[in-house]
Amino acid sequence: MPTDLYAAIREGLLKSKAEEAAAIASSGQTLVLERALLTFFIKEQGMQGIVMCIDRPPTFYERILGEIEAPAQSISYLDVTGSGSTGPTIQRSDNIADLNTLSIDLFQLINGVIKRQPAKRVFVIFDALPAMQLYISPEQFLKFLHATNLRLRALNVYQLYIIDGTKDTTNTIKQFCDTVLELKAKPEEEFAAALGANA
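Rules of the game
Residues numbered from 1 in each chain as written. Predicted model: local features only at pLDDT ≥ 70, side-chain atom pairs only at ≥ 80, totals over all residues. Heavy atoms only, no water. Pairing = 2+ DSSP bridges. Helix = DSSP H or I, 4+ residues; strand = E, 2+ residues; numbered from the N terminus. Axes fitted to C-alpha atoms, helices over the stretch in contact; angles between N-to-C directions. Contact = heavy atoms within 4.5 Å. pLDDT = per-residue confidence, 0-100. Parallel < 35°, antiparallel > 145°, perpendicular 65-115°, else oblique. Left-handed = near helix turned anticlockwise from the far one by under 90°. Nonpolar A, V, L, I, M, F, W, Y, C, P; charged D, E, K, R; others polar. Core = buried A, V, L, I, M, F, W, Y, C linked by side-chain atoms within 4.5 Å. Buried < 20%, exposed > 50% of the residue type's maximum accessible area, 1.4 Å probe, protein only.

Remarks on the sheet that holds strand 4 (residues 90-92)
- Spatially, seven strands are ordered 4-3-2-5-6-1-7 in an open sheet, and the strand pairing comes out parallel. The open sheet has two edge strands, strand 4 and strand 7 (179-182), and neither has a second partner. The mean angle between the axes of side-by-side strands here comes to 20 degrees, regardless of whether they run parallel or antiparallel.
- Sheet analysis places strand 2 (residues 48-53) next to strand 5 (residues 122-126), joined by five bridges and oriented parallel. Looking at strand 5, one finds that Val51 is bridged to Ile125.
- With respect to the sheet, helix 4 (residues 99-116) is in contact with strand 2, strand 3 (75-79), strand 4 and strand 5, its orientation differing from that of strand 3 by roughly 165 degrees.

Set out below in structure tokens:
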């Protein structure tokens with residue numbers, strides 16, 4: 001997986017034992033970025049993952065795990081997409097706008113993963129934050145993320161916030177992260193992505 005995005009992730013993340021949260025601003029290369037993140041955290045760091053699926057169903061990540069030859073059990077999912085996906089590593093949450101239920105569902109999943117894999121450090125990817133903002137106010141959104149950030153820190157769970165640099169909430173999210181990584185795709189990656197989107 002020798003891409004520039006992967007090299008930037010390797011060079012920019014987990015450089016301190018105190019680092020527990022990172023914001024990643026990407027140029028929209030979702031597939032390349034997700035593949036690089038999962039390769040780094042699962043294959044290189046040996047961590048167990050949790051993904052809050054907001055606008056991509058668990059099957060999207062399952063395909064990436066297959067591509068990088070990582071075990072399917074490497075990731076557990078909180079699925080709020082309504083995709084109907086089922087399986088032993090999928091927990092569904094039915095209403096993205098109900099932040100209390102969403103928080104309960106997320107932490108039940110996290111605690112279950114920690115209990116099943118106590119020797120492995122856990123990471124959580126919040127990958128569709130702009131989509132989440134379609135359902136709740138910016139103030140509710142930031143309060144939810146801030147409270148979640150504090151609870152995850154108490155559990156020593158590493159957090160990845162994939163952010164959109166154009167949203168007003170981005171600067172606030174950056175403030176409660178330990179590391180901010182600004183990733184830019186190379187022109188050939190942008191071209192390949194455009195071809196893939198038009199295929």
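Examining the confidence of the model for the protein chain
- Confidence in the prediction of the protein chain, expressed as mean pLDDT, is 86, and 88% of residues score 70 or more.
- Per-element mean pLDDT across the protein chain ranges from 47 in helix 8 (residues 187-198) up to 95 in strand 5.
- Note on residues 193-199: pLDDT under 50 across the span, and one contact to partners over four residues away in sequence or across chains.

Quick notes on the packing of helix 1 (residues 4-12) against helix 2 (residues 30-44)
- The geometry of helix 1 relative to helix 2 is characterised by a closest axis approach of 9 Å and an angle of 45 degrees between their N-to-C directions. The angle between the axes of helix 1 and helix 2 places the two elements in the oblique class. Once helix 1 is placed against helix 2, the crossing between them reads as right-handed. For the pair formed by helix 1 and helix 2, the contact residues are Leu5, Tyr6, Ile9 and Arg10 on the first element and Val32, Leu33, Ala36, Leu37, Thr39, Phe40 and Glu44 on the second.
- Counted by class, the contact of helix 1 with helix 2 contains eight nonpolar, one polar and two charged residues.

Observations regarding the nonpolar core
- Residues Leu102, Met132, Tyr161 and Ile173 are the most contacted members of the largest nonpolar core, which totals 35 residues.
- Residue assignment for this core shows that the elements contributing at least two residues are strand 1 (21-25), strand 2, helix 4, strand 5, helix 5 (129-132), helix 6 (138-154) and strand 6 (158-163).
- It is helix 4 that contributes the most residues to this core, seven residues altogether.
- Leaving out residues up to four positions away in the same chain, Tyr161 has contacts with Ala21, Ala22, Ala23, Ile24, Phe126, Leu129, Leu145, Asn149, Ile173, Phe176 and Cys177.
- Judged by nonpolar contacts, the second largest core, of 33 residues, contains Ala22, Ile24, Ile42 and Ile90.

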